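# Fold and contact review
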Amino acid sequence: MARFNGFGGGGMNMQQMMKQAQKMQEQMARAQEELEEREVEGSAGGGLVGVTMNGKKKMTAVSISPEAADPDDLEMLEDLIVAAYNDAFKKAEELEKELVPFSLT
């Protein structure tokens, strides 16, 4: 008489599933640690403004060349900062996809 265990009738047993879940959890923790440590840089205006961000998308530094700091055109500087941030954010997302091949959300 065949026994049905509620998981497709004979595939992975509960112990194997728990081991697999634990392995995935460990991989995710390692990936999260690496994201915290790794940095990406975004820039705008040909390098006039730079933004450094970690893989968890936390901005860690901003660099502004003196040539970008025209007091008569602060709007341009603001735009360059936003563009550099967006460039760094995009790179951080790419890094996250590289290091975290699956998502729990």
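Scroll up to find the structure.
A brief look at the structure comes next.

The rules behind these values
Residues numbered from 1 in each chain as written. Predicted model: local features only at pLDDT ≥ 70, side-chain atom pairs only at ≥ 80, totals over all residues. Heavy atoms only, no water. Helix = DSSP H or I, 4+ residues; strand = E, 2+ residues; numbered from the N terminus. Buried < 20%, exposed > 50% of the residue type's maximum accessible area, 1.4 Å probe, protein only. Contact = heavy atoms within 4.5 Å. Areas by Shrake-Rupley, 256 points an atom, 1.4 Å probe, with all protein chains shown as cover. Salt bridge = Lys/Arg side-chain N within 4 Å of Asp/Glu carboxyl O. Expected span 1.5 Å × (residues − 1). Polar contact = N/O pair within 3.5 Å; in protein donor to acceptor, adjacent residues only side chain to side chain. Pairing = 2+ DSSP bridges. Axes fitted to C-alpha atoms, helices over the stretch in contact; angles between N-to-C directions.

## What about the overall build of the protein chain?
Along its length, the protein chain carries two helices and three strands. Along the chain direction, N to C, the helices and strands of the protein chain fall in the order α-β-β-β-α. Expressed as a percentage of the 105 residues in the protein chain, the buried residues total 21%. Restricting to contacts in the protein chain with at least 6 residues of sequence separation, those with at least 24 account for 52%. With an accessible surface of roughly 7700 Å², the protein chain has 52% of that area assigned to carbon and sulfur atoms.

## Some thoughts on the pattern of salt bridges
Scanning the entire structure with this criterion turns up three salt bridges. Between Lys91 and Asp87 there is a salt bridge, and its shortest N-O distance comes to 3.5 Å. Of this pair, Lys91 and Asp87 both sit in helix H2 (residues 74–99), four residues apart, which is roughly one turn of that helix.

## Notes on helix H1 (residues 14–37)
Taking 1.5 Å as the rise per residue, H1 with 24 residues should run 34 Å; its terminal C-alpha atoms sit 35 Å apart, in good agreement. All buried positions along H1 are accounted for by Met28, Ala31 and Leu35. Those residues of H1 that are buried are in contact with strand S2 (49–54) and H2. Between a side-chain oxygen at the N-terminus of H1 and the backbone nitrogen of Gln15 the separation is 3.0 Å; the capping residue is Asn13.

## Section: H2
The end-to-end C-alpha separation of H2 is 37 Å, in line with the 38 Å expected for 26 residues at 1.5 Å each. Those residues of H2 lying buried are Leu77, Leu80, Ala84, Ala88, Ala92, Leu95 and Leu99. Residues of H2 that are buried in the fold lie against H1, strand S1 (39–44), S2 and strand S3 (59–64).

## Side note on the sheet that holds S3
Read from one edge to the other, the open sheet built from three strands follows the order S1-S2-S3, with strand pairing classed as antiparallel. Each edge of the open sheet carries a strand with a single partner, namely S1 and S3. Going across the sheet, the axis of each strand differs from the next one's by a mean of 15°, ignoring polarity. Where S1 and S2 come together, six bridges link them in antiparallel fashion. Bridge assignment links Glu41 to a residue of S2, and that residue is Thr52.

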